[in-house]
There are 2 protein chains.
Amino acid sequence: MVGVITGRMNIAYAQSGGPTAVINRTMMGVVDAALMSGRANHIFAAKHGPKGLIENRFVDLAGITGFQRENVANAPGQALGSYRKEPTDEEAATIVCNLQRHDIRALLYNGGDDSARAAAIIQAAAASSRYELQVFHVPKTIDADLLANDHTPGYPSAARFLATAMSWIDCDNRSLPGVYIAVTMGKNAGFLVASTALARNPEYEDSSPHLIYMPERLFDEEQFVHDVKRVYGQFGRCVVAVSEGIGKLVDGKFTELVVALGKSLGGDGFGGLTLSGTISLADALVGIVKEGIEGVRVRGGTFGYEQRVAAGAVSPIDRVEAYDVGRYGVYAAGLADGGSKNIGSCGVSWPDWTSLSGRTTEGGSVVIVQRPMNELVNGTPEQYSATLNLVPLDVVAPPKAKGLPLKKFMPPEFISPNGTDVTPAFFKYAGPLVGDIERFGRLELPEVGPDEK
Amino acid sequence: MVGVITGRMNIAYAQSGGPTAVINRTMMGVVDAALMSGRANHIFAAKHGPKGLIENRFVDLAGITGFQRENVANAPGQALGSYRKEPTDEEAATIVCNLQRHDIRALLYNGGDDSARAAAIIQAAAASSRYELQVFHVPKTIDADLLANDHTPGYPSAARFLATAMSWIDCDNRSLPGVYIAVTMGKNAGFLVASTALARNPEYEDSSPHLIYMPERLFDEEQFVHDVKRVYGQFGRCVVAVSEGIGKLVDGKFTELVVALGKSLGGDGFGGLTLSGTISLADALVGIVKEGIEGVRVRGGTFGYEQRVAAGAVSPIDRVEAYDVGRYGVYAAGLADGGSKNIGSCGVSWPDWTSLSGRTTEGGSVVIVQRPMNELVNGTPEQYSATLNLVPLDVVAPPKAKGLPLKKFMPPEFISPNGTDVTPAFFKYAGPLVGDIERFGRLELPEVGPDEK
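Just so we're clear, the structure is a prediction, and the values are computed from it rather than from any experiment.

**Thoughts on the overall build of chain A**
Across its full length, chain A carries 13 helices and 15 strands. Expressed as a percentage of its 453 residues, the buried residues of chain A come to 61%. Long-range pairs, those at least 24 residues apart, make up 76% of the contacts in chain A between residues at least 6 apart in sequence. Of the accessible surface of chain A, which amounts to about 16,800 Å², a share of 51% is contributed by carbon and sulfur atoms.

Written out as structure tokens, the structure reads:
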């Protein structure tokens, strides 16, 4: 165990994996906490994450100016650049060597589960070369599928964008009724696609999305057509939200739908189609509905990268939490104390940071734990509350060789029995994270008589 | 010619074609002007546009309450519902009959070029049955391709959404460099895809989108790969914006690219692919880049219906203009005078409405004419200014039989000589319409030395 470092020291920070709308807030949390501590000489930030660590390319965030801060603190994406790379043992040794050249004693590695795994690999490399280093993983992923976290910075804002856009699409679909199929990100976890349920205006029974397909439930084309037919029969329209990660069993193995559909068309995939080797999921599902239901207007759309970097849809809680996980990482590194709680004013509350048990660990992963919400506590509506903790790296990123689950899925209590909707428990979970969004009313005027003048 | 009607009268209003973020503002402009005139008995609004006109299904907007107004005035989409339908002669006769049953003397028909054509058909049907009716077309289309209009309500907001989303995507692409291809709406006109140029931060030479493909220029796969290679070579990344309507000549005829690519794969389209009969344009272009450039990360995205109903990205000018074209339609119908100018506070200025020459016409189409912008007028930055006018219906919607152009294209002076960018003239045209959007800065810190401590 490494003790708390009491003198001045150098720390490093790296951004890794896919961008989010708020990851630069985490960078600023790291910078502000480190500078406020008065104990950071340098804050070496790797350019393009693991790439910069391996190639020894850093900038010093201790020298950040107010103008630079203004430029990037609220900009989406990774201001330092990112990269997708799990370091090999050799690369990890190079990283440790580079950190040593800068006398860096703590590395904060900001990303998803791959990044947590990279952090563990670097921590192990430091141990084997007997270099005194603490490696902390700081969470980030729009998919909310990181083990030991109830959600992760980036998720609430991506969810907010999707819920907002789907509330617009509901108005569109009511204007020109038909079937609309929207495909969202979220990898093989349903948290993101489930968030589209928050688009609904509870005042109206037919408010959409009407059907939500999560990867946690196997997809069945026949059932899908049946579901769409039922909704269309009931409301004269149907809005469907589908996760990019839905799939079905092929030879007993979970296979993503676009791959599975490709196989069903023949061994060489889509016949003569070699353009991109695949059809988009939205197009495939539109085709399935068109074949199954005649005479209905069917359209599909696939949300692009805008959903993960939607600076115009940042959730208030995400804004605060993304900053605080960075601060907390610095605190966990023993550099700064917890500082004041309750930054911002969105009702987020944190535990007393000074009680943190993991503070003198060899390293670890910062995790967010939500307190389960109830409607009322002592007769008043409950306020959102979460706890930051530090857990061992391998809790968040089990070594792949162990055969343990590497990611989290939607818990069954969030998924409705029919498998195409979410439950009230999910609304309690995601509602505060996403925050209030604008939902739209209707013009409810009685029809006039045929000859009224 | 029908004279100005001086007593109280009934009018009708219909929404047609695709939704926009602001078309309900036009409805409110109609309602407010008609009610303020004190001369409208009923404002019969057709349910689902032409469908309601044919089926004699109306609500009376004269009875709208403050709550209903609050519900829908700023909601995207068509609160009355829409429909795509060019009435046959028989249907037009039915419509005239239904209007007569309600003693309606003026019909305001709100939509794009198909709607203007429908308005002309109804006007002709009224004339042939000798029913005294004025039919006015009120403009709306996100594509900005309506003849005689410099732009149309709905376009500025859709453009604003796209420019905003592309400024986020620029941050994403800088984080994880690669090639990203975003497909926008816009039919066969380039105005919408061109608006993505407004996402660029002029402070940075590499700010994206780097390449913009408009339908006004024939698409060539080889040149496309060459363009992407060049940009990628220069900046290490490449963001491409492509209109859904791009195409090439096949047997001497303009053919949309997805159709053209399908044909090039064999007479029966995409080999065995029968799912939806087509591949998405984004996927096709991703495939082309992947085949042409090795070892580069290439992704595509297709903006969905959210782009045309983005209530979160309404342009200030669009907000005002959408309302005013509705007011103007009522004024053109001789019901109300022009009222006060300069509603709102976004710097839009209108001509003196009382001078309107078309006021006693048989009907017509409301059009928006922008005054060309110069940088400076008398040494001060020029303010956006536009004129509303009334023109004959067949100017906006020439009868199809005449072989005249039915829609407007981007003028050549908006397209750069290389065909993959816009010109300063386009920025002057679209900049005020879209309004200021948030563009993001960079963290420009010097790299530290390899052994700095």
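**Considerations on the relation of the copies chain A and chain B**
Note that the two copies of the chain are related through a rotation about an axis and a translation along the same axis. With an axial shift of 0.0 Å and an RMSD of 0.0 Å, the rotation relating chain A to chain B amounts to 180 degrees. Put plainly, the chains are arranged around a two-fold axis. With an isologous cut-off of 70% or more, the 100% of interface residues of chain A that recur at the interface of chain B puts this contact in the isologous class.

**A look at the packing of helix α4 (residues 89-101) of chain B against helix α5 (residues 113-128) of chain B**
All names here are of chain B. For the pair α4 and α5, interaxial distance at closest approach is 9 Å and the crossing angle is 70 degrees. Here α4 is positioned roughly perpendicular relative to α5, judged by the angle of their axes. Seen along the crossing, α4 lies across α5 with a hand that is right-handed. Each of A92, A93, I95, V96 and L99 in α4 lies in contact with α5, whose residues at this interface are I121, I122, A125 and A126.

**So, the interface of chain A and chain B**
Across the boundary between the two partners, chain A contributes 89 residues, which contact 89 residues of chain B. Between chain A and chain B, a total of about 7,000 Å² is buried, with carbon and sulfur atoms accounting for 60% of that surface. Along the contact surface separating chain A from chain B lie eight salt bridges. Between E447 of chain A and K47 of chain B there is a salt bridge, with its nearest N and O atoms 3.3 Å apart. On the surface where chain A and chain B come into contact, there are 36 residue pairs in polar contact (both at pLDDT 80 or more). Looking at the side of chain A that touches chain B, the elements that each hand over two or more residues are β2 (40-46), β3 (58-60), α3 (66-72), α4 (89-101), α6 (155-175), α10 (281-292) and β11 (298-302) of chain A. The dominant element in the side of chain A that touches chain B, judged by the number of residues it contributes, is α6 of chain A, at eight residues.

**Focus: the sheet that holds strand β3 (residues 58-60) of chain B**
All names here are of chain B. Taken together, the seven strands give an open sheet; going across it, the order is β3-β2-β1-β4-β5-β12-β15, and neighbouring strands pair in mixed fashion. Because the sheet does not close on itself, it has two edges, and the strands there are β3 and β15 (386-391). The mean inter-strand angle of the sheet, taken between neighbouring strand axes irrespective of direction, is 25 degrees. Two strands pair when backbone bridges link them, and strand β1 (residues 9-15) and strand β2 (residues 40-46) are joined in this way by four bridges, in the parallel orientation.

**A word on the environment of F219 of chain B**
Residues and elements named next belong to chain B. Here F219 lies in the loop between β7 (211-213) and α8 (221-235). Taking C-alpha positions, F219 is 5.6 Å from G247, a pair spaced 28 residues apart along the chain. With sequence-adjacent residues up to four places away left out, F219 is seen in contact with Y213, F224, I246, G247, K248, L257 and L285.

**Thoughts on a nonpolar patch on the surface**
All names here are of chain A. Taken together, the side chains of L218, L249 and F254 present a nonpolar region at the surface, about 270 Å² in accessible area. In this fold, L249 is placed in strand β9 (residues 247-250). According to the relative accessible area criterion, L249 is partly exposed, its value standing at 47%.

**Points about the confidence of the model for chain A**
All names here are of chain A. Of the residues in chain A, 88% have a pLDDT of 70 or more, and the chain-wide mean is 89. Low confidence marks residues 1-5, where pLDDT is under 50. Its contacts with residues over four positions away, or in another chain, come to 14 contacts. Counted against residues more than four places away or in other chains, residues 352-360, with its pLDDT under 50, gives 23 contacts.

**Describing unusual backbone geometry**
Residue and element names in this part refer to chain A. Following S208, the chain continues to P209 via a peptide bond in cis, the omega torsion being 10 degrees. Residue position: P209 is located in the loop between α7 (191-195) and β7 (211-213). Its identity is not glycine, yet H48 carries a phi of approximately 55 degrees, on the positive side. Note that H48 resides in the loop between β2 and α2 (50-55).

**Description of helix α10 (residues 281-292) of chain B**
Here α10 of chain B contains twelve residues, and its C-alpha end-to-end distance of 16 Å stays within 8% of the 16 Å for a straight helix at 1.5 Å per residue. For α10 of chain B, the set of buried residues is L281, A282, D283, A284, L285, V286, G287, I288 and V289 of chain B.

**Considering the sheet that holds β2 of chain A**
All names here are of chain A. Pairing in this open sheet of seven strands is mixed, and the strands run β3-β2-β1-β4-β5-β12-β15 from one edge to the other. The sheet terminates laterally at β3 and β15 (386-391), the two strands that pair on one side only. Across this sheet, the average inter-strand angle for adjacent strands is 25 degrees, counted without regard to direction. As judged from the six bridges shared by strand β1 (residues 9-15) and strand β4 (residues 104-111), these two strands associate in the parallel manner. Bridge pairing in β4 places Y13 opposite L108.

**Side note on the side chain of N98 of chain A**
All names here are of chain A. In this fold, N98 is placed in helix α4. With a relative accessible area of 4%, N98 lands in the buried category. A polar side-chain atom of N98 sits 3.0 Å from the main-chain carbonyl oxygen of I54. With near-sequence residues (within four places) excluded, N98 lies in contact with L53, I54, E55 and N56.

**Some remarks on the nonpolar core**
Counting residues in hydrophobic clusters, the biggest one holds 172 residues, and the most contacted among them are L61 and Y155 of chain A together with L61 and Y155 of chain B. Discounting chain neighbours no more than four positions away, the residues touching Y155 of chain B are T141, I142, A144, F191, L192, S195, D318, F426, Y429, A430 and L433 of chain B. In this structure, I181, V240, L281 and I293 of chain B belong to the second largest nonpolar core, which totals 27 residues.

**Details of the packing of helix α1 (residues 23-37) of chain B against helix α11 (residues 316-332) of chain B**
All names here are of chain B. Running from amino to carboxyl end, α1 crosses α11 at an angle of 40 degrees, the nearest separation of the two axes being 7 Å. Between α1 and α11, the angle falls in the class oblique. Crossing angle aside, the handedness with which α1 passes α11 is right-handed. Contacts between α1 and α11 involve R25, T26, M28, G29, V30, D32, A33 and A34 from the former and R319, A322, Y323, V325, G326, R327 and V330 from the latter. Grouping the constituent residues of the contact of α1 with α11 by class yields eight nonpolar, three polar and four charged.

**Focus on the pairing of strand β10 (residues 253-256) of chain B**
For strand β9 (residues 247-250) of chain B and β10 of chain B, the ladder comprises four bridges, and the chain directions are antiparallel. Residue pairing across strands places V250 of chain B opposite K253 of chain B, the latter belonging to β10 of chain B.

**Examining the environment of T88 of chain A**
Residues and elements named next belong to chain A. By secondary structure assignment, the location of T88 is in the loop between α3 and α4. Exposure remark for T88: the relative accessible area of 40% places this residue in the partly exposed category. Sequence-wise, T88 and A118 are 30 residues apart; in three dimensions their C-alpha atoms are separated by 9.0 Å.

The rules behind each value
Residues numbered from 1 in each chain as written. Chains lettered and ligands numbered in written order. Predicted model: local features only at pLDDT ≥ 70, side-chain atom pairs only at ≥ 80, totals over all residues. Heavy atoms only, no water. Helix = DSSP H or I, 4+ residues; strand = E, 2+ residues; numbered from the N terminus. Buried < 20%, exposed > 50% of the residue type's maximum accessible area, 1.4 Å probe, protein only. Contact = heavy atoms within 4.5 Å. Areas by Shrake-Rupley, 256 points an atom, 1.4 Å probe, with all protein chains shown as cover. Least-squares fit on C-alpha atoms with pLDDT ≥ 70 in both. Axes fitted to C-alpha atoms, helices over the stretch in contact; angles between N-to-C directions. Parallel < 35°, antiparallel > 145°, perpendicular 65-115°, else oblique. Left-handed = near helix turned anticlockwise from the far one by under 90°. Buried area = accessible area lost by both parts, 1.4 Å probe. Salt bridge = Lys/Arg side-chain N within 4 Å of Asp/Glu carboxyl O. Polar contact = N/O pair within 3.5 Å; in protein donor to acceptor, adjacent residues only side chain to side chain. Pairing = 2+ DSSP bridges. Patch = residues over 30% accessible without salt bridge, like charges linked within 9 Å, V, L, I, M, F, W, Y side chains within 5 Å. pLDDT = per-residue confidence, 0-100. Expected span 1.5 Å × (residues − 1). Core = buried A, V, L, I, M, F, W, Y, C linked by side-chain atoms within 4.5 Å. Nonpolar A, V, L, I, M, F, W, Y, C, P; charged D, E, K, R; others polar.

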